[in-house]
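So the chains spell out like this:
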Amino acid sequence: MNILIIGGTRFIGRHIALHLFASGPTVTLMHRSESMALELPQFEHLIVDRRNFENFKILRTFDLAIDTCAYVPSDLAILNSISFHRYLFISSVAVYRSSIPDNSSETAPRISKKMRSVCVMNMGFKRGKQKILCCTKFLIRSFCDLLSFLAQRKTLGD
Amino acid sequence: MTRIVDKFVRNNVLYAPLSDFNSLITQFIDVRDLAQLALRIIESDKTGAFNLVGKNSKWNDFISIFASLGASDVVNSADESFPLFDSTKSTGLRTLRSRHDFINNHEYISLEKTLIDWFRSR
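Please read all numbers here as calculations on a predicted model, not as lab measurements.

Q: Please provide a residue-by-residue account of the pattern of salt bridges, values included.
A: Evaluated as defined, the whole model comprises nine salt bridges over all chains. Across the pair Asp67 of chain A and Arg50 of chain A runs a salt bridge whose closest N-O atoms are separated by 2.7 Å. Of the two residues, Asp67 of chain A is situated in strand β4 (residues 61–67) and Arg50 of chain A in the loop between β3 (44–47) and β4; the sequence distance between them amounts to 17 residues. Of the residues examined, Asp67 of chain A reaches a relative accessible area of 0% and is grouped as buried. Overall, Arg50 of chain A belongs to the buried group, its relative accessible area being 7%. As a salt-bridge pair, Asp117 of chain B and Arg32 of chain B come within 3.1 Å of each other at their nearest N and O atoms. Highlighted residues: Asp117 of chain B in helix α5 (residues 111–121) and Arg32 of chain B in helix α2 (residues 31–44), separated in sequence by 85 residues. On the accessibility criterion, Asp117 of chain B (23% relative accessible area) is partly exposed. A network of salt bridges, in which partner residues are shared, links Asp30, Arg32, Lys113 and Asp117 of chain B.

Q: I'd love a proper account of helix α3 (residues 59–68) of chain B, names of residues and values included.
A: Residue and element names in this part refer to chain B. All of the buried residues in α3 are Trp59, Phe62, Ile63, Ile65 and Phe66. An end-on view of α3 places all buried positions within 160° of arc, on one side of the element. Just downstream of α3, Gly70 is the residue with a positive phi angle, here 110°.

Q: Explain the packing of helix α1 (residues 11–23) of chain A against α2 of chain B to me, using residue names and the numbers behind them.
A: Taken N-terminus to C-terminus, the directions of α1 of chain A and α2 of chain B make an angle of 55°; their axes are 9 Å apart at the nearest point. With respect to each other, α1 of chain A and α2 of chain B are oriented oblique. Of the two elements, α1 of chain A crosses α2 of chain B, and the hand of that crossing is right-handed. Between α1 of chain A and α2 of chain B, the contacting residues are Phe11, Ile12, His15, Ile16, His19 and Leu20 of chain A on the first element and Val31, Arg32, Leu34, Ala35, Gln36, Ala38 and Leu39 of chain B on the second. Tallied by class, the residues present in the contact of α1 of chain A with α2 of chain B amount to nine nonpolar, three polar and one charged.

Q: Lay out the packing of α3 of chain B against α5 of chain B in plain terms, naming residues and giving numbers.
A: Residue and element names in this part refer to chain B. Axis separation between α3 and α5 bottoms out at 10 Å; the angle between their running directions is 45°. Taken together, the axes of α3 and α5 are oblique relative to one another. The way α3 lies across α5 gives a crossing that is right-handed. When α3 is examined against α5, the residues Asp61, Phe62, Ile65 and Phe66 are found in contact with a partner set consisting of Leu111, Glu112 and Leu115. When its residues are assigned to classes, the contact of α3 with α5 shows five nonpolar, no polar and two charged.

About the thresholds
- Residues numbered from 1 in each chain as written.
- Chains lettered and ligands numbered in written order.
- Predicted model: local features only at pLDDT ≥ 70, side-chain atom pairs only at ≥ 80, totals over all residues.
- Heavy atoms only, no water.
- Salt bridge = Lys/Arg side-chain N within 4 Å of Asp/Glu carboxyl O.
- Helix = DSSP H or I, 4+ residues; strand = E, 2+ residues; numbered from the N terminus.
- Buried < 20%, exposed > 50% of the residue type's maximum accessible area, 1.4 Å probe, protein only.
- Arc of directions from axis to C-beta.
- Axes fitted to C-alpha atoms, helices over the stretch in contact; angles between N-to-C directions.
- Parallel < 35°, antiparallel > 145°, perpendicular 65-115°, else oblique.
- Left-handed = near helix turned anticlockwise from the far one by under 90°.
- Contact = heavy atoms within 4.5 Å.
- Nonpolar A, V, L, I, M, F, W, Y, C, P; charged D, E, K, R; others polar.

This is the structure we're talking about:
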């Protein structure tokens, strides 16, 4: 298995990368830090800035792309330069409507189109609200069959 | 959350939500649990949405563990230095669950171990 982790050098991405490496797949980390490439020599590294990637193109196809650091919809543009069979998006519980009852599951309603507009206007680049825009962009692109979507709660650790 | 631990490591002061929130249930997940569950989803070839929210805890538990690590003071603040809890309308104050058994049945790392390991790693 050939896996790409976008933003795999810190926090969630780093832990996923280390767990994956221990279980056998080939893991490639895409990030901006040359020093991190030296710190994590067991991985292949693609040093690229997802917000400034003119003429960047990866020719091979990954079995899975794990995206740990798409915070605004424009962050997804780089995916047009990457080929993959499946995509795992690390999202946030902020994608759910604030009116949902306690103990709601994954079927709980997410923020509506109208609410998303309000959030963007009022909250700027507040991370959680932008995450739902990222998710929605994928659904519009009919990637549903490829997409796994993790809504994470307050995550603790290094 | 990282900011809370970093401030604590620097000056032994714990920045916590207003005391009104202390008995509220909240959910924390250790990044190691999140990574393990993500791998299980990958290995199972499942697609869709997955709530990885961890176990229910109280803020009191969080504060008590920090106290045991030597917190000299607790600063209660709901201003910009602690924006997670500035509104009761936030989804951050609601508990969520998963409809996937493998997530619900996962053996989560305890909050105490998470915080102690995290503190020692700083």
